[in-house]
Amino acid sequence: MTRTWNQTRVSEVLGIEYPIIQGPLGGLSSQKLTAGVSNFGGLGSFGAHGLEPSAIADIIAEIRSLTTKPFAMNLWVSMEDEGARFSDEAAFRRAASRLAPHIAEAGGTPPIFAPYRPLRFEDQARILLDAKVPVFSFLYGIPAEEILVEAKRQSIATVGTATTVDEAKALEDAGVDIVVASGFEAGGHRGSFLKSSEDSLTGTISLVPQTVDAVRIPVVAAGGIADARGIKAALALGAEGVQMGTVFLAAEESGAHPLHRQAILSGQARHTALTRGFTGRLARGIKNELLTELEKPGPEFLPYPLQRTLMKNLALPAQKAGRADLLALWAGQSANLARPSDLQHFLASLVEDMFKTDGLPNR
Ligand SMILES: Cc1cc2nc3c(=O)[nH]c(=O)nc-3n(C[C@H](O)[C@H](O)[C@H](O)COP(=O)(O)O)c2cc1C
């Protein structure tokens with residue numbers, strides 16, 4: 001019997017019908033989006049890295065009330081940059097000075113320094129293990145051996161993210177079940193952990209086949225995939241599934257602000273760029289005025305996650321003032337392929353296009 005495109009090891013290991021993963025959208029995930037994708041037969045993911053352990057437990061319970069299908073909870077193994085604990089008020093003032101004119105323009109108040117309160121990956125991971133989530137995915141590193149061993153014992157599938165072939169090999173060696181090969185087209189953060197993000201900027205079409213050749217575990221392609229053409233290309237390169245993020249940000253169910261969704265859907269997303277200015281770590285977003293400003297020479301950004309916290313002082317007034325030009329508009333290079341659509345309709349047409357032989361999406 002011949003296999004259809006959706007019958008891959010990724011579908012098998014994750015227990016899903018279609019090897020289409022809605023990528024975690026840390027900070028902009030929603031329980032509804034996660035459950036909606038899982039109910040359809042893909043894998044919905046929830047990006048929980050910014051949340052207190054108790055909040056993560058509540059979200060898992062809520063997702064479980066919305067779906068009985070497998071879903072993923074996603075964390076960041078590395079939660080802070082070196083120097084975050086020692087960064088002082090003087091550094092805060094210098095970094096804030098760059099934002100001051102924009103905050104004032106948006107009608108906000110000057111940021112106030114507050115001591116850093118770290119969140120620990122290990123405490124967050126404990127919640128995922130105790131809740132026996134179906135899938136535990138992660139970025140920025142490899143969890144300690146005891147966490148991976150416990151996940152295996154609880155039959156929790158593990159999905160790690162690699163931005164280079166060496167990272168994929170390290171994840172396989174550690175016993176991770178599936179590796180996401182994330183090309184530099186992807187929206188959001190570049191989760192590199194062996195070399196710097198700037199030194200790990202391989203594109204999807206190059207990274208996926210080299211990863212497939214280097215590891216035996218199934219590979220999921222991520223970065224720049226927005227329709228059935230992208231999925232077919234990824235499968236042709238040897239991937240056994242795809243992870244898409246930006247197109248799901250555009251869905252009404254996502255946690256993205258309407259100004260953000262509108263920017264993706266209105267043709268403003270033709271030009272994206274990488275910056276450390278949004279959070280302190282390298283990430284891709286639409287090249288609007290804010291990103292352009294942040295890339296100009298100026299005071300140093302704070303280490304992650306302090307820069308992220310600082311930027312909230314601009315995000316909140318900018319949202320209120322309807323100023324998309326002053327918002328961090330996370331998006332990947334294929335954002336412009338996103339179309340306004342209802343989530344279920346989008347997924348149904350994606351799958352329909354995948355079963356068509358010509359491979360061209362319905363327009
Ligand atoms: C706003 C945003 C937040 C993201 N947050 C996370 C995250 O917390 N963890 C993670 O593993 N990947 C995260 N990603 C990556 C996506 O899950 C996905 O791999 C990526 O978006 C795929 O590339 P694409 O944007 O071209 O579709 C994020 C992406 C975006 C756009």
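Residues numbered from 1 in each chain as written. Predicted model: local features only at pLDDT ≥ 70, side-chain atom pairs only at ≥ 80, totals over all residues. Heavy atoms only, no water.

Visitor: Got a minute to help me understand the pairing of strand β6 (residues 178-182) in this structure?
Guide: Moving residue by residue along a regular strand, the side chains alternate between the two faces of the sheet. Buried residues dominate β6, accounting for 5 of its 5 residues. A two-sided burial pattern is seen for β6, the buried positions comprising Ile178, Val180 and Ser182 on one face and Val179 and Ala181 on the other. Of the pairings in the sheet, the one linking strand β5 (residues 157-162) to β6 comprises 4 bridges and is parallel in character. By the bridge assignment, glycine 160 is partnered in β6 with valine 179. On the question of chirality, the crossover connecting β5 to the parallel β6 by way of helix α7 (residues 165-173) is right-handed. The sheet contact formed by β6 and strand β8 (residues 219-222) spans 4 bridges and is parallel. Bridging across to β8, alanine 181 finds its partner in alanine 221. (Buried < 20%, exposed > 50% of the residue type's maximum accessible area, 1.4 Å probe, protein only. Helix = DSSP H or I, 4+ residues; strand = E, 2+ residues; numbered from the N terminus. Pairing = 2+ DSSP bridges. Right-handed = clockwise from strand over helix to strand, strands pointing away.)

Visitor: In this structure, what is going on with the side chain of serine 182? I would like to understand it.
Guide: Looking at where serine 182 falls in the secondary structure, it is placed in strand β6. Look past the residues within four positions of serine 182 in its chain and what remains in contact with it is Thr161, Ala162, Thr163, Arg190, Leu207 and Ala222. (Contact = heavy atoms within 4.5 Å.)

Visitor: Is there a simple way to explain the packing of aromatic side chains in this structure?
Guide: Following the criterion strictly, the structure yields 10 aromatic pairs and no others. With a centroid separation of 5.6 Å and an interplanar angle of 80 degrees, the aromatic rings of phenylalanine 136 and phenylalanine 138 are classed as edge-to-face. For phenylalanine 136, a relative accessible area of 0% translates into the label buried. Phenylalanine 138 gets classed as buried once you look at its relative accessible area, which sits at 0%. Each member of the aromatic cluster is reached from another via a ring pair, and the members are Trp5, Tyr18, Phe40 and Phe355. A cation over a ring is seen here: arginine 281 above tyrosine 140, with NZ or CZ 4.4 Å from the ring centre. The side chain of arginine 284 reaches across the aromatic face of phenylalanine 184, ending 5.0 Å from its centre. (Phe/Tyr/Trp six-rings, centres within 6.5 Å; stacked < 30°, edge-to-face > 60°. Lys NZ or Arg CZ within 6 Å of the ring centre and 35° of its normal.)

Visitor: How do you make sense of the sheet that holds strand β4 (residues 135-139) when you look at a structure like this?
Guide: Two modes of strand pairing occur in sheets, parallel and antiparallel, and in both the strands are linked by backbone hydrogen bonds. Here we have 8 strands laid out as an open sheet, ordered β1-β9-β8-β6-β5-β4-β3-β2, and parallel in their pairing. Of all strands in the sheet, those bounded by a partner on one side alone are β1 (20-22) and β2 (44-47). In this sheet, adjacent strand axes meet at a mean angle of 25 degrees when their direction is disregarded. Taken together, the 3 bridges between β8 and strand β9 (residues 241-244) define a ladder with parallel strand orientation. Note that in β9 the partner of valine 220 across the bridge is glycine 241. (Axes fitted to C-alpha atoms, helices over the stretch in contact; angles between N-to-C directions.)

The quantities given are spatial measurements derived from coordinates; they are silent on function.
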